[in-house]
Number of protein chains: 4
Amino acid sequence: MSLNSFGHLFRVTTWGESHGPALGATVDGCPPGIKVDAAALQHWLDRRKPGQNRYTTQRQEPDQVEILSGVFEGCTTGTPVQLAIRNTDQRSKDYSEIAEKFRPGHADITYWQKYGIRDYRGGGRSSARETAARVAAGGLARAALANLAPEVEIRGYMVQMGPHRIDRERMDWDQIEENPFWVPDARTAEDWAGYLDGLRKSGNSVGAVIEVVARGVPAGLGAPVFGKLDTDLAAAMMSINAVKGVEIGEGMAAAELTGEANADEIFMGNDGRPVYSSNHAGGILGGISTGQDVVVRFAVKPTSSILKPRQTITKSGESTEIVTKGRHDPCVGIRAVPVGEAMMACVILDHLLLHRGQIGDAGGRIG
Amino acid sequence: MSLNSFGHLFRVTTWGESHGPALGATVDGCPPGIKVDAAALQHWLDRRKPGQNRYTTQRQEPDQVEILSGVFEGCTTGTPVQLAIRNTDQRSKDYSEIAEKFRPGHADITYWQKYGIRDYRGGGRSSARETAARVAAGGLARAALANLAPEVEIRGYMVQMGPHRIDRERMDWDQIEENPFWVPDARTAEDWAGYLDGLRKSGNSVGAVIEVVARGVPAGLGAPVFGKLDTDLAAAMMSINAVKGVEIGEGMAAAELTGEANADEIFMGNDGRPVYSSNHAGGILGGISTGQDVVVRFAVKPTSSILKPRQTITKSGESTEIVTKGRHDPCVGIRAVPVGEAMMACVILDHLLLHRGQIGDAGGRIG
Amino acid sequence: MSLNSFGHLFRVTTWGESHGPALGATVDGCPPGIKVDAAALQHWLDRRKPGQNRYTTQRQEPDQVEILSGVFEGCTTGTPVQLAIRNTDQRSKDYSEIAEKFRPGHADITYWQKYGIRDYRGGGRSSARETAARVAAGGLARAALANLAPEVEIRGYMVQMGPHRIDRERMDWDQIEENPFWVPDARTAEDWAGYLDGLRKSGNSVGAVIEVVARGVPAGLGAPVFGKLDTDLAAAMMSINAVKGVEIGEGMAAAELTGEANADEIFMGNDGRPVYSSNHAGGILGGISTGQDVVVRFAVKPTSSILKPRQTITKSGESTEIVTKGRHDPCVGIRAVPVGEAMMACVILDHLLLHRGQIGDAGGRIG
Amino acid sequence: MSLNSFGHLFRVTTWGESHGPALGATVDGCPPGIKVDAAALQHWLDRRKPGQNRYTTQRQEPDQVEILSGVFEGCTTGTPVQLAIRNTDQRSKDYSEIAEKFRPGHADITYWQKYGIRDYRGGGRSSARETAARVAAGGLARAALANLAPEVEIRGYMVQMGPHRIDRERMDWDQIEENPFWVPDARTAEDWAGYLDGLRKSGNSVGAVIEVVARGVPAGLGAPVFGKLDTDLAAAMMSINAVKGVEIGEGMAAAELTGEANADEIFMGNDGRPVYSSNHAGGILGGISTGQDVVVRFAVKPTSSILKPRQTITKSGESTEIVTKGRHDPCVGIRAVPVGEAMMACVILDHLLLHRGQIGDAGGRIG
């Protein structure tokens, strides 16, 4: 019932507020004997860290992760792993305005209506900072996957920023790390840089679509009917701040296809495993992985904190106008790329453990 | 860890195979004192029932629900409610072909790879028949909502079939029950009838998009960060057979908007409650309901069972061709409408109970 | 959050009332490929069935279990197994008295205070009939254990009835099935027969202590700190009707021992596995199985329904006297023996699956 | 599935090892608006803290709790509360002996067999230090209870040490805080002091029985059949280190009673609430609270770390002898008193929230 927890056997609970003393993830159910240390997790956190280029918030947080438990002499012990990140850039700014006014598009008003109290500093629990904890947990999941299913490779990248989509013909994964947008195409990266500079200067923001692919996922992960692999992926991605849509494989466009066009035909591969003529299914049939690439996309809405004045109300119900000053992301979707990867890693590992526990080696062979 | 269960406090476990003796839903956590009987649930099941017109499978199942426990003298008692539906149309057809061949786009191959055994008759557990159990449970959730939050109204309807979208200008909820497609517009219904007749005759099928709206949901339901209302809705809808995408409010299109365009500005209404200039958010901010309409859409892929021959393999790994004969839906999305409504009802009730338990009346007022 | 569910990966949800149409168990997470049929489960139900001798209630229920899902061609498929038992002996007796009066020692008053409604017929959900569903689920767990860990043997027996304890020197498991009390000693069985006849005739009842032993449990099952094997066993046994105490190994008597006396010293056995000088620990250290016999005991209070008049109140708050007529057990502990075994089987299987999932073969060897 | 978590709506996950950097509790589901600060929690931790008198381990740990999240301006916000305690007394002693040898009665051998790796320093995760985190979480539960159910009072005390039981005639709660044993009787405290001094000097240890009582618990908390109040209490207490038995009300002794003797007769009290002639039931009927005192007892085995040499084996399977030197408790049961209270507070609060969520005000009145 832990509403701040995710996962079945690999269970991640995130905690902490944007401007409290610390935030982190309590990870229960990590298998023992996994080689991991703070540096390995830091690698993933650094990819998400803000303030690294002019396209993300200028807040300076080292986001240094500390492992407080569950790791002994460089290996997990099977007990809970506590990953903590101290908040350091708690700038003593004046929060009196947002303490009283609800920012449109933010959780300010709903937290107030739900709880009757909220830590308004920097968005408190609803801040995108919460996702740092997920990235740390995702790093642990990746370490476990490296051990248990080394063939699994997880990559996230942007496929759309505002109205601009990537050209899939030019897609090149080697480009992903080469530009500030995690876009798998150098030319698109250049175009987007200009586009985003314009938006940033005008104090506006824009949405994005991120795609996350898991290669090498063995067939058979996931379970009917509420523990489907795609169900858990949908929940994982939708739980990320600002996400408004999630797609598996063909996604919403599946509605436009005929059954004939949508069918991924099946053949036997040279290695004795089934191969498919296409991957409309996104690697999942009936909630269970097929062995093809698992493909998820999610849309991130534009940052709500913008320099444009918007109408809103105060706690006492008075109409007012608000301009959200301060350090913000013109396209918060950029930082969502490592978060999407982290969630994918957690889901894949979780279902790997579930499968091992519930099924063992009872699965069927073909041929 | 029950992978066939859904919900936190209102917990639904579905069970049963398409051609086994029965299927149903075990519902734990329904509040006591809710007036309900089999007839009330049957009303919702009848809406989903196949064979009612030429656009859904001609399988004839009465789908008669029986309440085996948890209801006494016409009221729920607070103990588990067992809802069972006997399978009657277990036509003694020849299943030897699909016992050996994997139908493309179906769960045949993944169930086999996962479990090493599968009830292939009619798709077994992966059959859309499983959703009858959800509709029964959703009927119970509606009965509880009628008691606990009578202002909540839930409506589902089709907004897209293949490439054809509804005209939102002409949307009229009164039309929903007047046509076989649950489409809120008489003219569209007519157009789709012709389109689908053509598809059906050619043995093909097509996908669809369903929208489900919950009106009158009080502000404050849902919880950060993994128990968000939208997280649970995404999981709920993605768990329905053949669903490939889920959207909240603006959905995937949020990626194309600027922050300025996307902001739902806030004003005070005459009744002392906040009103919004628009509903890009789909009634949810930070995972918590705003009091606006909660709006969810999901895409259903085209039925995979079609009369067009497709390439596939057998269990022994041989290449072959398959044509899925039998009774099937040219647009399985039609029957998904009552299922989407049922899942919405379950999620809203569940979060209403959670809120009552965890927050009570601690929520904040405005003004 | 399902309060009628038990288990982590092997998850049992019982449902149904004593005098409703049916009761049963929804079992999710049973591994696939387990050979089982209704007859195999019936074997265990018949052991628990009332009316088999003069020491248990004369209610005549065939307690015929039906498998409604999850089994195909004699094997589990990995999908939920629905086990249903129709209630047949719904004698149209007059329940008007117990509808109004609260029987002392019964759940009548608390169900009313909690729910504001209760199915008073035969105790409704609080009836010992609920345990029939557990025995059915336990039968399934045994079938899975027979497949996954055939060396596990589970035996329950009575070790105390009223003030009379068994003589452990004379303990002989072969005697357990030879007498109506499941007592592992023929002479004690005879003594108890006389004692219980006396009680029965006087309309009184008495409590009992049951011991359940699991032999052959591999070392390493269970997990710190809230998922301990003993924690789950304590919950399992305490959840059985009328149970008031649970002990592991030395149990409450551990309080009287010194550390010196209590230590189970460790040696290497001839088969390369550790052996212990004694088993004060009851086969569990730090919540994890040692490989010794897992030993649990639980005390069942005397049946509250007796022919002696007792003071009570009515729903309207008036003082009154009550005599519970009808068919009742002079020692309800007798029928708890198969129930305790069933719960043990469920817990052991559950932790076996958990261990397989979370740990795999990472466990340490000795020597 | 979090095996280090406890509770349904008020969900506590403890983490951390005895000699790692820190340990603590992640508490999810604490209601918002509860006044609490570190000092309030410290009060309870100080009661459990070792080294306060000669009867508990001389390890010097300040056990200073820090609130890292979920509290803002002195009140809970409804988001996860992270309670962390740094380990300071990580004495650089030589652990090479216990790294190789398994201490009898300890979790050394089972952790090794399960995980293949263990943090042997001070017992790692299996150390009684883990209970400090529970006491911190229990302090939070008490703060919430003070707000939501101020009439609830929770008291724990020792009722047996070794063979010596308290005289219930002389029981006086005011004495509990006046002696190092939390024994509710001054004379017994004196007797036990002498007894324990003798044991301590001889390097031996002894077990104990602790009783925890919750007064003022409203009728109606708990739920059939696996979420019974007594089921959760049994699990809560059995999960504490070294506990081997749990009793509710009459406990194991219920086996010796007749139905006539065991029945708690019911009368109407002057305040319009039911009163009972006795409390054999320990305040719980059918898993639901009656409004009487909720009474739980649990037995703690003697500390396994003693100065007496015991036979054991090494990781490599060789026979050896071990004497556990260092700072240990002659009766670890003493420190279990505040832990039992903490678990009681967590369970009562949890069921209060559950009842509020699932039942609301649907409960029945009497009279």
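Below is a short write-up of the structure.

Definitions and cut-offs
Throughout, a residue's number is its position along its own chain's written sequence, starting from 1. For naming, the first written chain is A and the first written ligand is 1, with later ones following in the order written. Owing to the predicted nature of the model, reporting of local features is limited to residues with pLDDT of at least 70; listing and counting of side-chain atom pairs is limited to 80 or more, with chain, interface and lining totals taken over all residues. Note that the side-chain values use all heavy atoms of the structure and ignore hydrogens as well as water. The copies were overlaid with a least-squares fit restricted to C-alpha atoms from residues scoring a pLDDT of at least 70 in each copy. Only heavy atoms matter for contacts: two residues are in contact if any of them lie within 4.5 Å across the pair. When two parts are put together, the accessible area they lose, computed with a 1.4 Å probe and summed over both, is reported as buried area. Throughout this description, the term salt bridge denotes a Lys or Arg side-chain nitrogen within 4 Å of a carboxyl oxygen of Asp or Glu. Any pair of N or O atoms that falls within 3.5 Å is considered a polar contact. Within protein, one atom must be able to donate a hydrogen and the other to accept it, and sequence-neighbouring residues count only if both atoms are side-chain atoms. Numbering of helices and strands runs from the N terminus, with a helix taken as a DSSP run of H or I at least four residues long and a strand as a DSSP run of E at least two residues long. Gly falls in the polar group here, along with every residue not listed as nonpolar (Ala, Val, Leu, Ile, Met, Phe, Trp, Tyr, Cys, Pro) or charged (Asp, Glu, Lys, Arg). Strand pairing requires that DSSP identify at least two bridges connecting the strands. Working definition of a nonpolar core: buried Ala, Val, Leu, Ile, Met, Phe, Trp, Tyr and Cys residues. They are joined through side-chain atoms within 4.5 Å. Exposure is judged per residue with a 1.4 Å probe applied to protein chains only, and the accessible area is read against the type maximum: over 50% gives exposed, under 20% gives buried, and values in between give partly exposed. Multiply 1.5 Å by the residue count of a helix minus one, and that product is the helix's expected span. Working note: the arc is built from the helix axis to C-beta atom directions.

1. Overview of the relation of the copies chain B and chain A
Expressed as a screw operation, the relation of chain B to chain A combines 0.0 Å of axial shift with a rotation of 180 degrees, fitting to an RMSD of 0.0 Å. Here the copies are linked by what is in effect a two-fold axis. Take the interface residues of chain B: 100% of them recur as interface residues in chain A, which is what a same-surface contact looks like.

2. Thoughts on the interface of chain D and chain C
With 114 residues of chain D in contact, the opposing surface of chain C contributes 114 residues. When chain D packs against chain C, close to 9000 Å² is buried across both sides, 62% of that on carbon and sulfur atoms. In terms of surface lost to chain C, no three residues of chain D exceed D:Leu3, D:Lys114 and D:Phe226, which account for 10% of the buried area on that side. The interface formed by chain D and chain C includes 4 salt bridges. The residue D:Glu256 makes a salt bridge to C:Arg165 at a minimum N-O spacing of 3.1 Å. The interface formed by chain D and chain C includes 53 residue pairs in polar contact (both at pLDDT 80 or more). Among the elements that take part in the side of chain D that touches chain C, helix α3 (residues 108-115) of chain D stands out by supplying 7 residues, more than any other.

3. Here we look at the relation of the copies chain D and chain C
Between chain D and chain C, which share one sequence, the superposing operator has a rotation angle of 180 degrees and an axial displacement of 0.0 Å; the RMSD is 0.0 Å. Most of the interface of chain D is mirrored in chain C, where 100% of its interface residues again form contacts.

4. So, the interface of chain B and chain A
Of the residues lining the interface, 114 residues belong to chain B; the matching set on chain A comes to 114 residues. When chain B packs against chain A, close to 9000 Å² is buried across both sides, 62% of that on carbon and sulfur atoms. Counting every contact that joins chain B to chain A gives 4 salt bridges. Put simply, chain B and chain A have 53 residue pairs in polar contact (both at pLDDT 80 or more) between them. At 7 residues, the largest contribution of residues to the side of chain B that touches chain A is made by helix α3 (residues 108-115) of chain B. Tallied by class, residues from the side of chain B that touches chain A come to 56 nonpolar, 40 polar and 18 charged. Where strand β11 (residues 243-248) of chain A lies against strand β11 (residues 243-248) of chain B, 3 bridges are found, and the strand directions are antiparallel. Across the sheet, A:Val246 pairs through a bridge with B:Val246, a residue of β11(B).

5. Some details on the side chain of B:Ser304
Within the fold, B:Ser304 resides in the loop between β16 (294-300) and β17 (310-313). Polar side-chain contacts of B:Ser304 include one of 3.1 Å to the backbone oxygen of B:Gly105.

6. Overview of the nonpolar core
Formed by 408 residues in total, the largest nonpolar core has its most connected members in A:Phe181, B:Phe181, C:Phe181 and D:Phe181. When near neighbours in sequence (up to four residues on either side) are disregarded, C:Phe181 contacts C:Tyr55, C:Met158, C:Met161, C:Ala189, C:Trp192, C:Ala193, C:Leu196 and C:Ile334.

7. Details of helix α5 (residues 186-201) of chain C
Residue and element names in this part refer to chain C. Taking 1.5 Å per residue as the helical rise, α5 with its 16 residues ought to reach 22 Å, and the 23 Å between its terminal C-alpha atoms agrees with that figure. Considered for burial, the residues of α5 that qualify are Thr 188, Ala 189, Trp 192, Ala 193, Leu 196, Asp 197 and Leu 199. One side of α5 holds all its buried residues, which, seen down the axis, span an arc of 165 degrees. Counted as exposed and oriented over 90 degrees from the buried face of α5: Arg 187, Glu 190 and Lys 201. Taken together, the buried residues of α5 touch β8 (153-161), β9 (164-165) and α8 (333-358). With a side-chain oxygen lying 3.2 Å from the backbone nitrogen of Arg 187, the N-terminal cap of α5 falls on Asp 185.

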